[in-house]
Amino acid sequence: MVEEKEKKFLTVAPFQCAWRKDLKFREAGRGCVAFDAFAHNDVTVVFRENVGSQHYHYKRDNSPHYTVILGSHRNRRLKIEVDGRTEVDVEGIGLCCSSAFQSYWISIYDGLISVGTGRYPFQNLVFQWLDSTPNCRIRYVGLSSWDKHVGYRNVNVLSFPHNHLSLWKQVDSGEYEGQEDGKEELEHEKSYEKWGLENFLESWELSDVVFIVGVEERPFPAHKVILKASGTFPLNLSKEDVILLKDVSYPILRAFLQYIYTGKTQISESQLSLLWALSLQFEVMPLVKQCEETIERFKFNKKLFGYGKSVELLYPNSRPHYCTSFPSGLPVDAQRLKQLHSSGEYSDVCVYIDGHGLVAEPHKLILSLWSVPFTKMFTNGMIESRSSEIHLSEVPAEAFKIMLEFMYTGELSLEDTTDFGTLLLQLLLLSDQFGVTLLYQECFKTLLECLSEESVCPILEVVSSIPSCKLIEETCERRFAMHFDYCTTASLAFILLDGTIISSIIQHPELTVTSEERVLNAILMWCMRAKDVCGWEVVDELIANSSPDFLFKERLQSLNDLLPFVRFPLMPYHLLKNLGESNMCRHIEVLNYLVKEAIDFADTGLAKLGKEKNIRFEHRRSSYKELQYICDGDSNGVLYFAGTSYGEHQWVNPVLAKRITITASSPNSRYTDPKVLVSRVYQGTSFTGHRIEEDGNKCAWWMVDIGQDHQLLCNHYTLRQDGSRAYSRFWNLQGSLDGKSWANLRVHEDDSTICKPDQYASWPISGPNALLPFRFFRVVMTGPTADASNPWNLCICYLELYGYFR
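Since this is a predicted model, take the numbers as computed values, not measurements.

Undergrad: Describe the overall build of the chain, and please don't skip the residues or the numbers.
TA: Looking only at helices and strands, one finds 27 helices and 31 strands in the chain. Within the chain, buried positions represent 52% of all 806 residues. Total accessible area on the chain is roughly 37900 Å²; 50% of this is exposed by carbon and sulfur atoms.

Next comes the structure, spelled out in structure tokens:
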């Protein structure tokens, strides 16, 4: 629950930076982060190659990174920094708001940094900048702040859609704010962007009322549902209606209806009073008010309007930061429109759904405003063009009603019920089917915000075959991969997924799993369509009394295809031996080969691999929390992390908190104090003396046990010399799973790095043992120190380990 709450809402304190494990680009150098932020100023987003410090602004961290600051200099500027150097500093773009959450998105694609506002990524672009020497290795996203708290919510990291090249087109042409890109846009995108109520202005399509204007009695078609929602017009419920306006000229009526249908119009100053009178006659109050205000301004300053120039009247969008959806940008009363929908007044079509009968009586015009398929249905000579009935099949009635409500209000209204997820998914597919793009985007955004480990499988099962849902599919696969253990044991919903999806998840670069045995078990359960959660031992018993063909049926070939993705060489040796002697290996040739290969690897090490690089021999690092070394004495190491109860509260000495255990080769004393090694307070005298081992050799060591439930793939470590001159010259850093059998992680022979008291020194760990997890670590002397008076005292007052921790 704490983790879910954190994903929904996150507050970042001044001068800090939050790094969440799910905020990571799937592809290095390419990704988009979308989020809502609440800030008085300075919303800061950091993009790095590796996870940075939580106290980001306090560190002299010169490792490569981008920083995007929305609202720099007290909410006056937008800045982009590269490795700490300011490269972009522009005024008044993408500023923050202290009164409410605002939606933003920031994308990076091979050095092209794009910044936009609004709930929908890759839309409403406000700024772009192209790095001439791009950093194509950045992957991690940090949410930061400057001198005031910043609230973040609904943070999601997305991959790029297939049409991401449109971002490059805009930067080439210098068009940032939704300007058209001309011929290169896809036809369906271009037509939808231009589509709106203005397409029906002065159009006979779907019209059901006619104005007769002027002495020449010129006809002007219109639509009752729009007029009724905009003002007070003499309309009746008959199919045809005529409104006579002999004293009104055509230009005045056109300007009047243009304002209603588009939210803007132009008219000469001399005709302004006539337009005011017409709008007052039909009680279109927004236009009345604007005419009156404009007339007053003209009286006050006649130079305000040049001779012969038109006056522009523009209806203010009531939700400028939300979207330009109908009816928010038009002088249409949303409440009236909603009442027309609920009452069915002036309806010209009845919608029937198989199995549900009559479900709604909407207006063809409203349906056509949102949906190109409905437009073609009503205007292209189809049966529905001449009929007042629509019959739909295989359409969920409840979702269709919600879609209709969205068409009339421009808002998605879903109650949080037990069927919320199912209804949302149905609505997503329905909006895609009928081309209601804004509703599809809203459902997509809501789906990502509500995505959980319980919902990924049902969603994947539905969207996998729908091309337009590819981004949702990829997001769900990533979520499944990052919570693989839960998704394959909490329920058996994954058994119903398509083989292509299972294969993609097994190969996902961010697959997070506690052991390769879990991967093997999941593959076996999926292939035999298991009815209960089980391990490979159960499958082994079943196959002893049957055959692979009978047990796995049509998924036998999938089993042979999936097994090579299990990293058997990383399994414990005793497990490999058990597998090698199992019935499965005797019956499944591919499994037998892979297990034997892994056993051979365990016996001979990396030598047999030669120059060949095989991913099966690389540990799934995403299974661990990344605790990377930044500088000597930093707060990023494993022992410090244990002192914070693994990120849960303020730091307490982990030895006193019993999170870790430290032992020494000599008995505890005033100067051999285990808690000193992680106290982070300098001690002038801190050492452990030697002991005689069973083989008769002298040996001095400090040993750390990080806990029964934890392991570390160590890739860096730090030591700090105490106040003495007993500098170590010969020592090893070792790791162990049981505290008895030790593997060398780094060997130091006549190493003179430490050469003064109170000195920090750090070393990287490489080689095959850096890929293996250990629970126990020890610094062990293998030769005398530089001080002849204390040749076998291991004198260190600080120890820290780094790497991949679980």
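Undergrad: Break down the environment of Ala490 for me, with residues and values.
TA: Residue position: Ala490 is located in the loop between helix H18 (484-489) and helix H19 (499-506). Counting along the chain gives 43 residues from Ala490 to Val533, while the straight-line C-alpha distance between them is 8.5 Å.

Undergrad: Requested: an account of the sheet that holds strand E29 (residues 760-764), with residues and values cited.
TA: Backbone-to-backbone hydrogen bonds join strands into a sheet, with any given pair of strands oriented parallel or antiparallel. Judged by pairing direction, the sheet is antiparallel, and its four strands sit side by side in the order E21-E31-E26-E29 without closing on themselves. With one partner strand each, in any of the chains shown, strand E21 (625-627) and E29 form the two edges of the open sheet. The average undirected angle you get between the axes of adjacent strands in this sheet is 25°. When strand E26 (residues 712-721) meets strand E31 (residues 796-805), the two strands line up antiparallel, connected through nine bridges. Of the residues in E31, the one forming a bridge with Cys714 is Gly803.

Undergrad: Hey, could you go over the pattern of salt bridges for me, with residue numbers and the actual values?
TA: Throughout the structure, instances matching the rule amount to 18 salt bridges. A salt bridge links Asp110 to Arg30, with the nearest nitrogen and oxygen atoms 2.6 Å apart. With Asp110 in the loop between strand E8 (102-109) and strand E9 (112-117) and Arg30 in strand E3 (residues 30-38), the pair connects residues that are 80 residues apart, well separated along the chain. Measuring nitrogen to oxygen at the nearest pair gives 3.8 Å for the salt bridge that ties Arg85 to Glu87. According to the relative accessible area criterion, Arg85 is partly exposed, its value standing at 46%. When its relative accessible area of 40% is taken as the criterion, Glu87 is described as partly exposed. Within the structure, one salt-bridge network assembled from shared partners comprises Glu27, Arg30 and Asp110.

Undergrad: Report on the packing of helix H7 (residues 272-281) against helix H8 (residues 285-300), specifying residues and quantitative values.
TA: Two numbers describe how H7 lies on H8: the axes approach to 9 Å, and their chain directions differ by 155°. With respect to H8, the axis of H7 lies roughly antiparallel. Considering only the axes of H7 and H8, their crossing is left-handed. Residues Leu272, Ser273, Leu275, Trp276, Ser279 and Leu280 of H7 touch H8, and the partners they reach there are Leu287, Val288, Cys291, Glu292, Thr294 and Ile295. Residues of the contact of H7 with H8, tallied by class, amount to eight nonpolar, three polar and one charged.

Undergrad: So what's going on with unusual backbone geometry? Residues and values would help.
TA: Its identity as a non-glycine residue notwithstanding, Glu394 has a phi of 55°, on the positive side. One can find Glu394 in the loop between strand E20 (389-392) and helix H13 (397-409). A residue is classified by how much of its surface remains accessible, and Glu394, at 81% relative accessible area, is exposed.

Undergrad: Could you give me a rundown of the packing of helix H14 (residues 420-433) against helix H15 (residues 437-450), with the residues and numbers involved?
TA: Relative orientation of the contacting elements H14 and H15 amounts to 150°, with a least axis distance of 8 Å. Between H14 and H15, the interaxial angle falls into the category roughly antiparallel. As H14 runs across H15, the sense of the crossing is left-handed. Seen from H14, the contacting residues are Phe420, Leu424, Leu425, Leu427, Leu428, Ser431 and Asp432; seen from H15, they are Leu439, Tyr440, Cys443, Phe444, Thr446, Leu447 and Cys450. Looking at side-chain class alone, the contact of H14 with H15 contains eleven nonpolar, two polar and one charged residues.

Undergrad: Could you give me a rundown of the confidence of the model for the chain, with the residues and numbers involved?
TA: Mean pLDDT over the chain stands at 84; residues scoring 70 or higher make up 88%. Confidence over residues 169-193 falls short of pLDDT 50; this stretch has 24 contacts with residues more than four positions distant or in other chains. Below a pLDDT of 50 lies the segment residues 607-612, which in the model reaches three contacts outside its immediate sequence neighbourhood of four places, other chains included.

Undergrad: Tell me about the nonpolar core, and please be specific about residues and values.
TA: General note: in soluble globular proteins, nonpolar side chains tend to be found buried as a group. Phe211, Phe256, Phe400, Phe552 and Phe568 are the most contacted members of the largest nonpolar core, which has 144 residues in total. Not counting residues up to four positions away in its chain, the partners in contact with Phe211 are Arg218, Pro219, Phe220, Ala222, Leu227, Phe233, Ile243, Leu245, Leu253 and Leu257. Core analysis: the next-biggest nonpolar cluster, separate from the first, contains 38 residues, Ala642, Trp702, Ile765 and Leu801 among them.

Undergrad: Could you give me a rundown of the sheet that holds strand E4 (residues 43-48), with the residues and numbers involved?
TA: In space, the six strands of this open sheet follow the order E2-E11-E4-E5-E6-E7, with antiparallel pairing throughout. Each edge of the open sheet carries a strand with a single partner, namely strand E2 (17-24) and strand E7 (85-91). Each strand of the sheet is rotated relative to its neighbour by a mean of 20°, with strand direction disregarded.

So, how was this worked out
Residues numbered from 1 in each chain as written. Predicted model: local features only at pLDDT ≥ 70, side-chain atom pairs only at ≥ 80, totals over all residues. Heavy atoms only, no water. Helix = DSSP H or I, 4+ residues; strand = E, 2+ residues; numbered from the N terminus. Buried < 20%, exposed > 50% of the residue type's maximum accessible area, 1.4 Å probe, protein only. Areas by Shrake-Rupley, 256 points an atom, 1.4 Å probe, with all protein chains shown as cover. Pairing = 2+ DSSP bridges. Axes fitted to C-alpha atoms, helices over the stretch in contact; angles between N-to-C directions. Salt bridge = Lys/Arg side-chain N within 4 Å of Asp/Glu carboxyl O. Parallel < 35°, antiparallel > 145°, perpendicular 65-115°, else oblique. Left-handed = near helix turned anticlockwise from the far one by under 90°. Contact = heavy atoms within 4.5 Å. Nonpolar A, V, L, I, M, F, W, Y, C, P; charged D, E, K, R; others polar. pLDDT = per-residue confidence, 0-100. Core = buried A, V, L, I, M, F, W, Y, C linked by side-chain atoms within 4.5 Å.

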